[in-house]
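# Architecture and fold: a report
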Amino acid sequence: MSKNKQTAGHKGAYSSQRKKEGEGRSCIRYRCGLTNTIQDVLNQRPGWVEVKDDGEWDFNWCDVGWLRENFDHSYMEEHVRISHFRNHYELTRKNLMVKNLKRYRKTLEREAGRLEAARCDFFPCTFVLPSEYHIFVEEFKRSPGSTWIMKPVARSQGKGIFLFRKLKDIIDWRKDGSRSEEQKDEAQVESYVAQRYIENPYLIAGRKFDLRVYVLVTSYIPLKAWLYRDGFARFSNTRFSLSSIDDQYVHLTNVAVQKTAPDYDPEKGCKWQMQQLRQYLTAKHGFETVQTLFKEIDNIFIRSLISVQKTIINDKHCFELYGYDILLDQDLKPWLIEVNASPSLTASSQEDYELKYRLLEDTLHIVDMEGRLTGKEKRVGGFDLMWNDGPVYTDVGLEALGSSCLVENTLLDLEKCSIASLAHQWILCSEWVPSE
Ligand SMILES: Nc1ncnc2c1ncn2[C@@H]1O[C@H](COP(=O)(O)OP(=O)(O)O)[C@@H](O)[C@H]1O
Ligand SMILES: [Mg+2]
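Residues numbered from 1 in each chain as written. Chains lettered and ligands numbered in written order. Predicted model: local features only at pLDDT ≥ 70, side-chain atom pairs only at ≥ 80, totals over all residues.

What follows deals with the packing of helix 10 (residues 274-285) against helix 11 (residues 287-307). Two elements in contact, helix 10 and helix 11, have axes separated by 7 Å at closest approach and are oriented at 130°. With respect to helix 11, the axis of helix 10 lies oblique. Within the contact between the two elements, helix 10 uses Arg-278, Leu-281, Thr-282 and His-285 and helix 11 uses Phe-287, Thr-289 and Val-290. Each residue belonging to the contact of helix 10 with helix 11 can be placed in one class, and the counts come to 3 nonpolar, 3 polar and 1 charged. (Axes fitted to C-alpha atoms, helices over the stretch in contact; angles between N-to-C directions. Helix = DSSP H or I, 4+ residues; strand = E, 2+ residues; numbered from the N terminus. Parallel < 35°, antiparallel > 145°, perpendicular 65-115°, else oblique. Contact = placed C-beta atoms within 7 Å. Nonpolar A, V, L, I, M, F, W, Y, C, P; charged D, E, K, R; others polar.)

As a further point, take the site of ligand 1. Lining the immediate environment of ligand 1, one finds 18 residues, of which Ser-156, Ile-198, Leu-252, Thr-253 and Glu-338 sit closest. Elements supplying a minimum of two residues to the shell around ligand 1: strand 8 (148-152), strand 16 (320-328) and strand 17 (334-340). Tallied by class, residues from the shell around ligand 1 come to 8 nonpolar, 6 polar and 4 charged. (Near = placed C-beta within 6 Å.)

What follows is about the nonpolar core. Ranked by internal contacts, the top residues of the largest apolar core, which has 88 residues, are Leu-129, Val-215, Leu-216 and Ala-225. Top element by residues in this core is strand 12 (residues 207-219). It accounts for 7 residues. Domain assignment of the residues forming this core places at least three in each of domain 1 (7-83) and domain 2 (202-429). The contacts of Val-215, once residues within four sequence positions are left out, are Ala-225, Trp-226, Leu-227, Phe-301, Tyr-322 and Tyr-324. (Core = buried A, V, L, I, M, F, W, Y, C linked by C-beta atoms within 7 Å. Buried ≥ 20, exposed ≤ 12 C-beta atoms within 10 Å, placed from the backbone. Domains from an automatic or database assignment.)

With that out of the way, let us pick up the sheet that holds strand 8. Pairing within the open sheet is antiparallel, and its 4 strands lie in the order 7-10-8-9. Each edge of the open sheet carries a strand with a single partner, namely strand 7 (126-129) and strand 9 (162-164). Geometrically, the sheet is characterised by an average inter-axis angle of 25° between neighbouring strands, direction not taken into account. As paired elements, strand 7 and strand 10 (residues 192-196) share 4 bridges and run antiparallel to each other. Its bridge partner being in strand 10, Leu-129 is matched across the sheet by Tyr-192. Sheet contacts for helix 5 (residues 94-112): strand 7, strand 8 and strand 10; angle to strand 10, the most-contacted strand, approximately 60°. (Pairing = 2+ DSSP bridges.)

Looking now at the packing of helix 5 against helix 11. Two elements in contact, helix 5 and helix 11, have axes whose closest approach is 8 Å; the angle formed by their N-to-C orientations is 95°. Judged on the interaxial angle alone, helix 11 and helix 5 are roughly perpendicular. Touching Asn-100, Leu-101 and Tyr-104 of helix 5 are Ser-304, Ile-306 and Ser-307, all from helix 11. Residues that form the contact of helix 5 with helix 11 fall into these classes: 3 nonpolar, 3 polar and no charged.

Right, let's get into the pairing of strand 12. Burial runs high along strand 12: 11 of the 13 residues are buried. Here strand 11 (residues 203-204) pairs with strand 12 via 2 bridges, running antiparallel. When the sheet's bridge partners are listed, Leu-203 is paired in strand 12 with Lys-208. Once strand 11 ends, the chain turns through 2 residues before running back antiparallel as strand 12, passing Ala-205 with a positive phi of about 50°. With 4 bridges joining them, strand 12 and strand 14 (residues 232-235) adopt antiparallel strand pairing. Bridge assignment links Leu-211 to a residue of strand 14, and that residue is Ala-233.

Next up on the list: the sheet that holds strand 4 (residues 59-61). Within a beta sheet, neighbouring strands are joined by backbone hydrogen bonds and run either parallel or antiparallel to one another. Taken in spatial order, the 4 strands line up as 3-2-4-6 in an open sheet, and their pairing is parallel. Edge strands, defined here as strands with exactly one partner in the open sheet, are strand 3 (48-50) and strand 6 (81-82). Direction of pairing for strand 2 (residues 28-32) relative to strand 3: parallel, over a ladder of 3 bridges. The partner of Ile-28 across the bridge, within strand 3, is Trp-48.

In structure tokens:
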């Protein structure tokens, strides 16, 4: 791809049918803007060749900065694929995600009623500051003493985040009327969201965690979304307490691990595979409860994607691998914290590397530059097709009864459990409680 020409792909080298396209291609030229696991996956993929600098490419795993600068000037041939949608930030910037969810909720309330709208109540009450300062203050005063979290709208890895209980701590974000002349003269403050802090997180061994789950979208219209089975739980480093709100290692689950922590395991970091977590929860709360929890989590993925379906610029060249952050509270209610457009692909341990390697390999299988899929697959590697212009079901044969039944085609980490395997999980769970 040339910076001036801004074109991608061979001219006229491929037919419109993707399957045929693949057959005529001697190699797939890729560009990669990141230097982590994705580089390794692309490097080792048979028939794929890296292009550097301004060379023409067929596949581009770009960062969002590259996208912002180049996408609008790029001409892309039919077969070309790129790793983001043009306005991915509608879902992945903290303020815009909430704006879209609030709008979607309102539409549902109007068109489908309150009960249906309540299915969107999975994001904590959130305001954008300074623009919504006044309505935020009204809400703030309604529940004195509660804890809020301030997050810059477009940063990541915990940067700029702090907790507060007093309005004086967010004085810089006061809306014009209440700001001093001096403050008004200062450069605009960075936009933040003020969000209700989940004060009762679900704890394991006294520590808070959140879930990182991967969802791959290959089209918005119609919406086609795949859910990856192997996510993980990230634990905070220190036991949870509300008595100090200043310690990031207590309240954030995504800040750098303190490698000096007594229970830090260099092999695993502070992570649990989703399977471990599911088994632990099943042992404590039973199969049904955990099944319900994971269905609620599926509901979050689908509704959040639908909330931006008409806003995201659909483009057949684009796909997006989202990293969802989900937090559980003590009632096992899942909360959507944020959606990441560039989930970390850097591995923190060998186990983590293997998970990310498989995830990326399977992503490439679905993007299918090689033209190997029929388009009817419901499962590719660790991905299950979750939504294809509507829910996707799997036919589960009930051999003993000589019949079958349809279940949702999502198995966030779960092999369909038999009684026997559940009993087995009970035994394993007791070994998996992290040390205090
Ligand atoms: N409303 C909230 N309630 C409780 N914890 C939260 C809340 N929002 C964020 N956190 C914690 O802070 C971490 C970072 O927040 P997040 O919104 O994911 O921002 P970042 O872009 O820094 O990853 C989360 O992983 C979670 O542990
Ligand atoms: Mg996050």
